[in-house]
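Coordinate inspection notes
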Amino acid sequence: MNTAGHPEATARRGLELTPFRGLRYDPDRVGSLAAVTSPPYDVVVRPDGLHQLQDSDPYNIVRLILPQADTAGARNEQAADTLRRWLSEGVLTTESEPSLYVYEQHDGDGMLQRGIIGALRVTEPAEGLVLPHEDVMPHVVADRAALMRATSANLEPLLLTYRGNGTASDTTAVIERTVERPPLFSTTTEDGFNHRLWSITDPADLARVQSDLTRHQALIADGHHRWATYRRLRAEHPSPSPWDYGLVLLVDTARYPLRVRAIHRLLHDVAVPDALAALDGLFRVRRLEVPLPEALEALADAACAGNAYLLAGDGAFHLVDAPDPALLDRTVPADRPAAWRTLDATVLHATLLAHVWHIPEDDPTRIAYIHDTTATVDKAERDGGTAVLMHPVREDVVRDLARQGVTMPRKSTSFGPKPASGLVLRALDL
C-alpha cells in the first residue's frame, strides 16, 4: 500500500514524511551501482557530461532524467518506455514494503552527510513549512512536469535541510542506530563520494522520525524546480492522491552541515572583450594572470568588501568589483530587504544581465547555469563565450531571507553534496 495520499496523513501539520515502496536497481542486473548513477539532472553538463554518462552503462539513470530525442514529447515517451522496460526486465525492482531510507555520503576530505529519504507532503510557500529561497524558470518547471506525468514517477530526490538543536533528536538517534547495520548497498562514484543506503521499516522507528519532523520547517537546498513541479502536479490531481507527496532527502544541517557553493553563469556568444567593454566606468576591472585557485581567492577577498565577480574565457581572469553606487540605485529594486539588494546574484541579474549586457536570464540560447567552476571556464574558452564566476552565499543568509518570504535570484546557490540520482526512485502508481 502506498501510504502517501492516505486521508489520515493530511490531518497533521508540520513536515509530513511518509514511507514509500522504493524502486532500486538490482545489483545483479547492472555492471555496478556507481555506473548507473548520475548527478541531479541540472548538474549534468551538456552535452559532454550527458554523453559520458549515457556511454558508461546502458542502464544509467540519465536515460530517465534526461532522455534524448528530437522533441519534448518524444523524450518523455522514451523515458516512460525505458522505465517500463527496466521494470519488466527486473533491472529496477520494487521494495516489498514501504520504507524510509537513511542515506549517507562521505568523501576523503572528511565530508559526512546523513539524512532521511521519504515522500514529503507537498505544501505551498504560504504555509511556511517548506521554504524556497530562489525563483524558478517556468519552462524548466513545465519540462520536469511533463517528464513526471509521462513516467508517473519521482525519479530523483530533492535536497531539503532543517535545523535541529544539535543533539541526538529522535530522527538523529534513528539514523545513527540504523547506520550500525549493514547497508542495502555501498558504492563509490567517480567524484570520490561513497554512498550507502539503509531502509527503515520498523513501525516504532518510523513513528519517531515522523513525529520529530512535524516540529520542523525545511529549506529547499537543491531542487526548486522539482518542488515547483510537485506543487503543479499536486494541483492537477484531486486529493488525496500519491501526487500529494514528493520524493525528498531531509538533512539536519545542525548535525551535518552542508557545503555551500556558487552556481556560475556562461554567456553564450559574448566574447570576454565585449563583456568587459560594456563595464567601462561602471565597475572596476582588474586583469589577473594567475591560476584558477588564486583567482578564486582574489574573488573571495573582494567579495568581503562588496559585489565581485570573475570573468573568464580568454585565457586570463578579470576581477570585476566596486560597482558604481548610482548604477545600483538605478537598477536594483528598492522594495526588498538590504540583504537581498546587496547579494552578488541580485546585482548580477538586475544590473549586469538586465542593464549592462542585455541578456535575458531565462533564455537558454543566451545563458547557461553551470555548477562546476573548471567546466564553466573550459566551456567559455572552448566556445568563445564569457564565464561569470560567483562567490557562494552563506547558508544563514539564505535561510534568513527564506524565512522573510524573500526569494533570491534563480540559481543563486549550490548546496552539497547533492544526493546521487538513481539510488532510489518513487513510482506514483504503486
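In case you missed it, the structure is sitting above this.
Attention here is on the structure that accompanies the text.

Conventions used here
Residues numbered from 1 in each chain as written. Predicted model: local features only at pLDDT ≥ 70, side-chain atom pairs only at ≥ 80, totals over all residues. Heavy atoms only, no water. Pairing = 2+ DSSP bridges. Helix = DSSP H or I, 4+ residues; strand = E, 2+ residues; numbered from the N terminus. Axes fitted to C-alpha atoms, helices over the stretch in contact; angles between N-to-C directions. Contact = heavy atoms within 4.5 Å. Buried < 20%, exposed > 50% of the residue type's maximum accessible area, 1.4 Å probe, protein only. Polar contact = N/O pair within 3.5 Å; in protein donor to acceptor, adjacent residues only side chain to side chain. Expected span 1.5 Å × (residues − 1). Arc of directions from axis to C-beta. Salt bridge = Lys/Arg side-chain N within 4 Å of Asp/Glu carboxyl O.

Taken in spatial order, the 4 strands line up as E3-E2-E21-E7 in an open sheet, and their pairing is antiparallel. Two strands lie at the open edges of the sheet, namely strand E3 (92–94) and strand E7 (153–154), each paired on one side alone. Sheet analysis places E7 next to strand E21 (residues 425–427), joined by 2 bridges and oriented antiparallel. Within E21, the position partnered with Ala153 by the bridge is Ala427.

Attention shifts here to the sheet that holds strand E18 (residues 367–370). The pairing of strands in a sheet happens through backbone hydrogen bonds and is either parallel or antiparallel. A sheet is described by the order of its strands in space; here 6 strands give the open sequence E15-E17-E16-E19-E14-E18, paired in antiparallel fashion. At either end of the open sheet lies a strand with only one pairing partner, and these are strand E15 (284–288) and E18. On average, adjacent strands in this sheet sit at an angle of 25° to one another, irrespective of strand direction. The pairing of strand E16 (residues 308–312) with strand E17 (residues 317–321) spans 5 bridges and is antiparallel. Note on E17: the bridge partner recorded for Tyr309 is Val320. Those strands touched by helix H13 (residues 344–357) are strand E14 (264–267), E16, E18 and strand E19 (386–389), and its axis lies near 55° from that of E16.

Turning next to the side chain of Lys418. If you trace the backbone, Lys418 turns up in the loop between strand E20 (414–416) and E21. According to the relative accessible area criterion, Lys418 is buried, its value standing at 14%. At a separation of 3.1 Å, a polar atom in the side chain of Lys418 contacts the side chain of Asp222.

Turning our eyes to something else, we now look at helix H4 (residues 72–89). The terminal C-alpha atoms of H4 lie 26 Å apart, and with 18 residues this matches the ideal 26 Å at 1.5 Å per residue to within 8%. For H4, the set of buried residues is Asn76, Ala79, Ala80, Thr82, Leu83 and Trp86. Along the axis of H4, the buried positions cluster into a sector of 160°, meaning they face one direction only. Away from its buried face, by an angle of more than 90 degrees, H4 presents the exposed residues Glu77 and Ser88. At its buried positions, H4 is contacted by strand E2 (22–25), helix H3 (62–65), E3, helix H5 (138–151) and E7. Positive phi appears at Gly90, one or two residues downstream of H4, with a value of about 80°.

Before going further, it helps to examine unusual backbone geometry. Along the chain, Ser239 connects to Pro240 via a cis peptide bond; the corresponding omega equals 0°. Tracing the backbone shows Pro240 in the loop between helix H8 (224–236) and strand E12 (245–252). In the segment running from Gly416 into Pro417, the intervening peptide bond is cis, with an omega of 5°. One non-glycine residue with positive phi stands out, namely Asp269, at about 60°. For Asp269, the location among the structural elements is in the loop between E14 and helix H9 (272–277). If you check the backbone angles, Ala322 has positive phi at about 50° while not being a glycine. By the secondary structure assignment, Ala322 is in the loop between E17 and helix H11 (325–331).

Attention shifts here to the pairing of E12. The two faces of a sheet get side chains in turn, since along a regular strand they alternate between them. With 8 of 8 residues buried, E12 is to be regarded as a mostly interior element. The side-chain alternation of E12 yields two buried faces, one formed by Tyr245, Leu247, Leu249 and Val251 and the other by Gly246, Val248, Leu250 and Asp252. Where strand E8 (residues 158–162) meets E12, 5 bridges bridge the pair, whose relative direction is parallel. Paired with Leu159 across the bridge in E12 is Leu249.

Applying the stated rule across the entire model yields 23 salt bridges. With a closest N to O distance of 4.0 Å, Glu89 and Arg85 form a salt bridge. In this pair, Glu89 and Arg85 are both assigned in helix H4, 4 residues apart and thus about one turn of the helix distant. In this structure, Asp321 engages Arg286 in a salt bridge whose closest nitrogen and oxygen atoms are separated by 2.7 Å. One end of the pair, Asp321, is in strand E17; the other, Arg286, is in strand E15, with 35 residues separating them in the sequence. The class of Asp321 is buried, set by a relative accessible area of 5%. The network of salt bridges with common partners includes Glu16, Arg121 and Glu127.

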